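Chain by chain, the residues run as shown.
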Amino acid sequence: MNREIPPRGAYVIDTRTDRVGQVMDHTGDFVHLRPPGGGREWECPAASLQVTTLRAYLRARVSEVNNRRRLV
């Protein structure tokens, strides 16, 4: 992504880790992301973000739900 910071609520891919996250906020060139369905936030440089596809979002969401069920 060319340093353009996506709006809050948008889903993006952290290309450093291939994790999908929802944009929560940003500070300077760093964007605060949270996994789909909630969880611990992490920071990512805006230059390492890529707009996600619906398929990638759904895959991440299903993975999160499955992980939560295993923990119960």
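The rules behind each value
- Residues numbered from 1 in each chain as written.
- Predicted model: local features only at pLDDT ≥ 70, side-chain atom pairs only at ≥ 80, totals over all residues.
- Heavy atoms only, no water.
- Pairing = 2+ DSSP bridges.
- Helix = DSSP H or I, 4+ residues; strand = E, 2+ residues; numbered from the N terminus.
- Axes fitted to C-alpha atoms, helices over the stretch in contact; angles between N-to-C directions.
- Core = buried A, V, L, I, M, F, W, Y, C linked by side-chain atoms within 4.5 Å.
- Buried < 20%, exposed > 50% of the residue type's maximum accessible area, 1.4 Å probe, protein only.
- Expected span 1.5 Å × (residues − 1).
- Contact = heavy atoms within 4.5 Å.

**Quick word on the sheet that holds strand β1 (residues 11-14)**
Backbone-to-backbone hydrogen bonds join strands into a sheet, with any given pair of strands oriented parallel or antiparallel.
Piece 1. What the 5 strands build is an open sheet, ordered β4-β3-β2-β1-β5; its pairing is antiparallel. Two strands lie at the open edges of the sheet, namely β4 (42-45) and β5 (49-51), each paired on one side alone. The sheet shows a mean angle of 50° between the axes of neighbouring strands, direction not considered.
Piece 2. Pairing between strand β2 (residues 19-27) and strand β3 (residues 30-34): 5 bridges, direction antiparallel. Residue pairing across strands places Thr27 opposite Phe30, the latter belonging to β3.

**As for the nonpolar core**
Piece 1. Of all hydrophobic cores here, the largest spans 8 residues; its members are Val12, Val23, Val31, Leu33, Trp42, Cys44, Ala46 and Leu49.
Piece 2. Where this core is concerned, the elements lending two or more residues are β3 and β4.

**Focus on helix α1 (residues 54-71)**
Piece 1. Over its 18 residues, α1 extends 26 Å from the first C-alpha to the last, a length consistent with the 26 Å expected when each residue adds 1.5 Å.
Piece 2. Lining the buried residues of α1 we find β1 and β2.

**Here's the deal with the environment of Tyr11**
Piece 1. For Tyr11, the location among the structural elements is in strand β1.
Piece 2. On the basis of relative accessibility, which here comes to 24%, the residue Tyr11 falls in the partly exposed class.
Piece 3. For Tyr11, the residues in contact, after removing those within four places along its chain, are Val20, Gly21, Gln22, Pro36, Val51, Thr52 and Tyr57.

**Let's talk about the pairing of β2**
Piece 1. Examined bridge by bridge, β1 and β2 share 4 bridges and lie antiparallel to one another. Opposite Asp14, over in β2, you have Arg19 as the bridge partner.
Piece 2. Hairpin connection, β1 to β2: the antiparallel pair is bridged by 4 residues, and Asp18 has positive phi, about 60°.
Piece 3. Between β2 and β3, which pair antiparallel and follow one another directly, the connecting turn spans 2 residues, one of which, Gly28, has a positive phi of 60°.

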